[in-house]
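If you want the building blocks of each chain, they are given just below.
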Amino acid sequence: MLVLIAASAVAVEVPMLRKTLVAGNWKMNPGSLAEATELASSLAAHEARDVIVFPPFPFAHAVTSVLGGDKVGSQDICHLDTKGAFTGEVSGPMIAALGIKTVLVGHSERRVFFGDDDDVVAAKVKQTLALDDVTCMLCIGETRDERDQGITVDICNVQLSKALAGIDAALMDRVVIAYEPVWAIGTGLVCEPEVAQDTHAAIRTCLAAIYDEDIAANVRVLYGGSVSPASVDDIMSMPDIDGVLVGGASLVPDSFFRIIRFEDPKATAIAEEGVKNIVQPVSA
Ligand SMILES: O=C[C@H](O)COP(=O)(O)O
C-alpha cells in the first residue's frame, strides 16, 4: 500500500504505515483487585505506543479508572442484542457504559471451552460494531492438527469469512484481526516469524477477496501465541504483523514493558525513506 505525499511541488510515494498495537489479555488473572489495579498503575507510565489490556469483567471498571477506556478492552461480549434473563452475560451497552473501546471476540479459549462457534462469533462481532466508536479484535487461528494437515489458511479464511459475513466495508476501520495459532497459546511454542508472516499475508489476501485491497492493506493484523521479550522483536520485524496479543507475559510487568518497547525496524525504515523522499529536490 502506498500513499502520495506532496512535497516541494512533487508527489512522492512512501509506504502506508499501519499503527502498531500491543494488547495484553489477562484472561482469568490476576487473583485480586489490588493486583489488577497495581498492574494497571505500573502500565500507566508506559504510554509510548498503542497499548490495550483486557482485564476480567469484575476488574474492568477499576482498571479503566486507572488507564482510561481507550487502553482497556473487554474479553467478551454477549451475542444477543437485548437485556434480561441471561445470567452471567454482559451486553454491549454495559461494556460501552464503562468507556471501554475494544472488545475481544472469538478467542480460541471461548471457542474451545465455552462453545463459541462461528455463528456466535459472528453475532458477537455484530454486537461489538453496533456500539459507537468501539473496535472489535477478532481472533482466528488453527489447531495443531489443522496445521499438520496443511489447512491453516483454509481454517483462517473460513473463520474470517463467517465472522465478517454481513459486516459493511465502512465498519472495517473498527476491526483488528488477531491471528493466534491455537497450538502456540500458553505453550511456549512461538510460531516462527516467517511462518506467521505467511499466514498474515494470506489473511490480507482473504480480506481483499471479501472487501478490497485497500481494506486488506489497512486492517491491523496482530500475532498472538507465547509472545515474550525474547521473541517479540523478530515477530514485529515481519511486514504484515502489526502488533501482538500477549497472554502470560502481559501479567509480568517487566516482560510486558519490554514487549511494548519492541524494536520497530519497519517504522524506522519507513520514516527514513519518507524523510529521504520529502527532501528530494524538484527536478527542472
Ligand atoms: O490472548 C492471548 C493469547 O491467547 C496468547 O496467550 P499466551 O501469550 O499466554 O500464549
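Just so you know, the residues in each chain are numbered from 1, in the order the chain's sequence is written. The predicted nature of this model means local features are confined to residues of pLDDT at least 70 and side-chain atom pairs, given and counted, to a pLDDT of 80 or more, with totals for whole chains, interfaces and linings taken over all residues. To obtain the side-chain values, all non-hydrogen atoms of the structure were included, while hydrogens and water were left out.

Remarks on the sheet that holds strand β9 (residues 220-224)
For step 1, the next point in the chain: Strand pairing is assigned whenever DSSP detects at least two bridges linking the two strands. The helix count covers DSSP runs of H or I at least four residues long, the strand count covers runs of E at least two residues long, and both are numbered beginning at the N terminus. If you trace the eight strands from one edge of the open sheet to the other, you get β4-β3-β10-β9-β8-β7-β6-β5, paired in parallel fashion. Where the open sheet ends on each side, the last strands, each with one partner, are β4 (50-54) and β5 (73-74).
For step 2, the next point in the chain: Across the sheet, helix α5 (residues 118-129) touches β6 (102-105), β7 (135-140) and β8 (175-179), and the angle it forms with β7 is around 160°.
For step 3, the next point in the chain: In what follows, a contact means two residues having at least one pair of non-hydrogen atoms within 4.5 Å. Between N-to-C directions, angles span 0 to 180 degrees; the directions come from axes that are lines fitted to C-alpha atoms, helices contributing only their stretch in contact. Running over the sheet, helix α8 (residues 193-210) touches β7, β8 and β9 and is turned about 145° from β9.

A look at the layout of surface pockets
For step 1, the next point in the chain: For each structure, a 1 Å grid was placed over the protein atoms alone; sets of points admitting a 1.4 Å probe that cannot get out are labelled cavities, open sets with protein on both sides within 12 Å along at least five of seven lines are labelled pockets, and lining residues have an atom within 4 Å of a point. Grid points are joined across faces, edges and corners, and a volume is the space filled by probe spheres set on the points. A volume near 510 Å³ is recorded for the largest pocket.
For step 2, the next point in the chain: Around the largest pocket sit 19 residues that line it, and Phe 57, Gln 75, Asp 76, Arg 110 and Phe 114 are the ones nearest its centre.
For step 3, the next point in the chain: Put simply, the parts of the chain that give the lining of the largest pocket at least two residues each are α2 (57-67) and α4 (108-113).
For step 4, the next point in the chain: Here the element with the most residues in the lining of the largest pocket is α4; it accounts for three residues.
For step 5, the next point in the chain: Partitioned by chemical class, the residues of the lining of the largest pocket number 10 nonpolar, four polar and five charged.
For step 6, the next point in the chain: Here the second largest pocket defines a volume of roughly 320 Å³.
For step 7, the next point in the chain: The wall of the second largest pocket is formed by 16 residues, among which Asp 50, Ile 52, Asp 70, Thr 102 and Arg 220 lie closest to the centre.
For step 8, the next point in the chain: Secondary structure elements with two or more residues in the lining of the second largest pocket: β4 and β7.
For step 9, the next point in the chain: Looking at the lining of the second largest pocket element by element, the count peaks at three residues for β4. Asp, Glu, Lys and Arg are counted as charged, while Ala, Val, Leu, Ile, Met, Phe, Trp, Tyr, Cys and Pro are counted as nonpolar; the rest, among them Gly, fall into the polar class.

Side note on a nonpolar patch on the surface
For step 1, the next point in the chain: Each patch is built from residues that are more than 30% exposed by relative accessible area and take part in no salt bridge. Like charges join if they lie within 9 Å; nonpolar side chains (Val, Leu, Ile, Met, Phe, Trp, Tyr) join within 5 Å. The method behind every accessible area is Shrake-Rupley, applied with a 1.4 Å probe, and residues are considered shielded solely by the protein chains displayed. Whenever a carboxyl oxygen of Asp or Glu lies within 4 Å of a side-chain nitrogen of Lys or Arg, that contact is scored as a salt bridge. A cluster of nonpolar side chains, contributed by Val 112, Phe 113 and Phe 114, occupies part of the molecular surface with about 370 Å² of accessible area.
For step 2, the next point in the chain: As for its placement among the helices and strands, Val 112 is situated in helix α4.

So, the domain arrangement of the protein chain
For step 1, the next point in the chain: With domains assigned, the protein chain is organised as domain 1 (1-18 + 264-284) and domain 2 (21-263).
For step 2, the next point in the chain: Contacts between the two partners involve six residues from domain 1, matched on the other side by 16 residues from domain 2.
For step 3, the next point in the chain: When two parts are brought into contact, each loses some accessible area as probed by a 1.4 Å sphere; the total of that loss over both is the buried area. For the domain 1 and domain 2 pair, buried surface summed over both sides reaches about 840 Å², with 50% attributable to carbon and sulfur atoms.
For step 4, the next point in the chain: The interface formed by domain 1 and domain 2 contains two salt bridges.
For step 5, the next point in the chain: Under this definition, polar contacts are N or O atom pairs within 3.5 Å; protein pairs additionally need one hydrogen-donor-capable and one acceptor-capable atom, and for neighbouring residues in sequence, both atoms have to be side-chain atoms. The tally of links from domain 1 across to domain 2 stands at three residue pairs in polar contact (both at pLDDT 80 or more).
For step 6, the next point in the chain: In terms of residue class, the side of domain 1 that touches domain 2 is built from three nonpolar, no polar and three charged. What marks off one domain from the next here is an automatic or database domain assignment.

Remarks on helix α11 (residues 253-260)
For step 1, the next point in the chain: When accessible area is computed with a 1.4 Å probe and restricted to protein chains, residues below 20% of their type maximum are described as buried, those above 50% as exposed, and intermediate ones as partly exposed. Of all the residues in α11, the buried ones are Ser 255, Phe 256, Phe 257, Ile 259 and Ile 260.
For step 2, the next point in the chain: Lining the buried residues of α11 we find β3 (21-25), α1 (33-44), β4, α10 (232-236) and β10 (243-246).

Comments concerning the confidence of the model for the protein chain
For step 1, the next point in the chain: By definition, pLDDT measures how confident the predictor is in each residue, and it falls between 0 and 100. Put simply, the protein chain has an average pLDDT of 90, and 88% of its residues get 70 or more.
For step 2, the next point in the chain: Low confidence marks residues 1-14, where pLDDT is under 50. Its contacts with residues over four positions away, or in another chain, come to 31 contacts.
For step 3, the next point in the chain: Here residues 275-284 scores under 50 on pLDDT; set against residues more than four positions off or in separate chains, the count is 10 contacts.
For step 4, the next point in the chain: Predicted complex, confidence summary: ipTM 0.99, pTM 0.90.

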